[in-house]
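So the chains spell out like this:
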Amino acid sequence: MGFPLRRCCLFLVICVFFVSNETNAQWILDPSIEQRIQKGVDHIYNLEFEKADQEFDAVVALRPGHPVGYFFRAMTQWWRILGNFSDESKDDRFHDLLDVVINKCDERLDKNSKDITALFFKGGAVGFRGRLRANRGKWLAAAKDGIVALPIVQKAYELDPNNYDVLLGIGIYNYYAEIVPKDYPFVKPFMLFFPKGDKKKGMEQLKLSAQNSKYARTEAAYFLLQSYFLYEKDYFQAITIAQSLHARYPRNPLFHRYVGRCYVSLGQWSDAYRIFLEVERRYTAKQTGYDAYDAREAYYYLGKFHFIAGTFDEALKNFMKCDELSRTVDTEGPSGFMSMANLQIGMIYDIQKKRQLAVNQYQKVLRMKQFENSHADARRYLSTPYTR
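Predicted model, so just to flag it, every value in this text is computed and none were measured. (Residues numbered from 1 in each chain as written. Predicted model: local features only at pLDDT ≥ 70, side-chain atom pairs only at ≥ 80, totals over all residues. Heavy atoms only, no water.)

Caption draft 1: Region of interest: the overall build of the protein. Summing up its helical and strand segments, the protein has 19 helices and zero strands in all. Over its C-alpha trace the protein gives a radius of gyration of 22 Å, about what one expects of a compact globule, namely 21 Å for 388 residues. Each of the three principal axes of the protein carries a C-alpha extent, and together these read 75 × 45 × 40 Å. The buried share of the protein, taken over its 388 residues, is 60%. As presented, the protein carries roughly 16500 Å² of accessible surface, and 51% of it is formed by carbon and sulfur atoms. (Helix = DSSP H or I, 4+ residues; strand = E, 2+ residues; numbered from the N terminus. Rg over C-alpha atoms; globule rule 2.2 N^0.38 Å. Buried < 20%, exposed > 50% of the residue type's maximum accessible area, 1.4 Å probe, protein only. Areas by Shrake-Rupley, 256 points an atom, 1.4 Å probe, with all protein chains shown as cover.)

What follows is the structure, encoded as structure tokens:
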């Protein structure tokens, strides 16, 4: 189907492997500050941004020379951007916050080039800058950030190879540096500047980080979830992680939808219906973080549930809502959700003996980009009307 690029983190070749949203807080040996950091991180994942800002502002005030508070200020802004990725008005603020992190790190590195805290936070800041640039289509600038950040992170890893929080970034890189070029050939030229990955090793490193790290467990679990769901197709492992993340961060729509996706992939449609109905309700209630992307996906799977159940009027209603929202968010052409929803609408029209309407839908699908077997199915149903 192609879940939104903003959510899939597939372009790890452009330094997303430097990201560990919770790393290195352990280098402040003050339990009260560590507690603030963990509380702030939890607020970020639960999309409670004002509360997160309060915690990290306090950390900055208590440790103005340490990059940790500044870094997590930037991470709060990052999740604000994810809340509506098509809105670029928050980008400049994000870049400014990252610049502060980099400057703080450089001040420390000028005094000690082996300052592991400064190395990791600088690598993370440059990596996040590259990540946003990649998602905005600024590939050359993103690749440059990758070239800058890689030796920084490698040096830090050499200084502390037994740190499980640090291991997350290395595991992400090893796994995705092998995966991404195979699935997205256009990034292969950029990989000439980076070492080869090791998928098996990367998966083991992610598991170790998820099990043993102090601050990076959530991020490690999230990347494990993506790996199991998107690439390994191990939906039983994926749903266990998704349910755990959703239980811990019930206000996070990404974790919420992953539970529904896993149920769909496992064929557990009643459970999927329950999950996506709740996603739709939260979108309708305008709950923070639940946007048109979330609702579009929810309407599609609600439509599929009703289609399978044979309640075609309800299915049609949901597919049409999916199509309507797709027209507002698909700024770069029809998405898989739009294409497949229109195909399903045509199939319902055939069931309802509305042949000309069905033909119009199939022709519409053929004018869209192909997703899965959408074109082959549309041609088949143009030739022979769909039947149950």
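Caption draft 2: Just helix H18 (residues 355-366), in detail. For H18, which comprises twelve residues, the first-to-last C-alpha distance of 17 Å matches the rise-based estimate of 16 Å (1.5 Å per residue) to within 8%. Listed in full, the buried residues belonging to H18 are Ala358, Val359, Gln361, Tyr362 and Val365. Mapping the buried residues of H18 onto a view down its axis gives an arc of 160°, with all of them on the same face. (Expected span 1.5 Å × (residues − 1). Arc of directions from axis to C-beta.)

Caption draft 3: A look at the confidence of the model for the protein. Looking at the protein as a whole, its pLDDT mean stands at 88, while 91% of the residues score no less than 70. With pLDDT under 50 throughout, residues 2-26 is counted as low confidence; its partners more than four residues away or in other chains account for 108 contacts. (pLDDT = per-residue confidence, 0-100. Contact = heavy atoms within 4.5 Å.)

Caption draft 4: Structural view of the side chain of Ser335. Counting through the fold element by element, Ser335 comes out in the loop between helix H16 (312-329) and helix H17 (336-351). Each residue touching Ser335, except ones within four places of it in the same chain, is listed here: Arg296, Ser326, Asp330 and Phe371.

Caption draft 5: Quick peek at helix H13 (residues 253-265). The end-to-end C-alpha distance of H13, which contains 13 residues, comes to 18 Å, matching closely the 18 Å that a straight helix rising 1.5 Å per residue would cover. Of all the 13 residues making up H13, twelve are buried; the element is thus mostly covered by neighbouring parts of the structure. Within H13, burial applies to Pro253, Leu254, Phe255, His256, Arg257, Tyr258, Val259, Gly260, Arg261, Cys262, Tyr263 and Val264. Where H13 begins, the capping side chain belongs to Asn252, and its oxygen is found 2.9 Å from the backbone nitrogen of Leu254. Once H13 ends, the next one or two residues include Gly267, with phi positive near 75°. (Polar contact = N/O pair within 3.5 Å; in protein donor to acceptor, adjacent residues only side chain to side chain.)

Caption draft 6: Summary view of the environment of Ile147. Note on placement: Ile147 falls in helix H7 (residues 139-159). Since its relative accessible area comes to 42%, Ile147 is described here as partly exposed. When the C-alpha positions of Ile147 and Gly130 are compared, they lie 10.0 Å apart, and in sequence the two are 17 residues distant.

Caption draft 7: Inspection of the packing of aromatic side chains at higher detail. Taken as a whole, this structure holds 29 aromatic pairs when the rule is applied. Aromatic pair Phe94 and Phe128: ring centres 6.2 Å apart, planes at 85°, arrangement edge-to-face. Here Phe128 lies in helix H6 (residues 116-135) and Phe94 lies in helix H5 (residues 91-111), a separation of 34 residues in the sequence. With respect to class, Phe94 is no different from Phe128; both count as buried. On the basis of an interplanar angle of 75° and a centroid distance of 5.1 Å, the ring pair of Tyr175 and Tyr176 is categorised as edge-to-face. For the pair Tyr175 and Tyr176, one class covers both residues: buried. Put simply, the rings of Tyr45, Trp79, Tyr175, Tyr176, Tyr222, Phe223, Tyr231, Tyr249 and Phe255 pair up and form one aromatic cluster. (Phe/Tyr/Trp six-rings, centres within 6.5 Å; stacked < 30°, edge-to-face > 60°.)

Caption draft 8: The environment of Gly83, seen in detail. With respect to the secondary-structure elements, Gly83 resides in helix H4 (residues 68-83). Classification of Gly83 by relative accessible area gives partly exposed; the value is 26%.

Caption draft 9: Quick look at the packing of H18 against helix H19 (residues 374-383). The interhelical angle for the contact between H18 and H19, taken along N-to-C directions, is 150°, at an axis separation of 9 Å. In terms of their interaxial angle, H18 and H19 are classed as roughly antiparallel. The hand of the H18/H19 crossing is left-handed. Between H18, through Arg355, Val359, Tyr362, Gln363, Val365 and Leu366, and H19, the contact on the second element is made entirely by Ser374, His375, Ala378, Arg379, Tyr381, Leu382 and Ser383. When the residues that make up the contact of H18 with H19 are grouped by side-chain class, the tally is seven nonpolar, four polar and two charged. (Axes fitted to C-alpha atoms, helices over the stretch in contact; angles between N-to-C directions. Parallel < 35°, antiparallel > 145°, perpendicular 65-115°, else oblique. Left-handed = near helix turned anticlockwise from the far one by under 90°. Nonpolar A, V, L, I, M, F, W, Y, C, P; charged D, E, K, R; others polar.)

Caption draft 10: The arrangement of the nonpolar core in detail. By size, the foremost hydrophobic cluster in this structure holds 115 residues, and its most contacted members are Met75, Trp79 and Phe94. Ranked by size, the runner-up nonpolar core spans five residues in total, among them Leu150, Tyr173, Ala177 and Met191. (Core = buried A, V, L, I, M, F, W, Y, C linked by side-chain atoms within 4.5 Å.)

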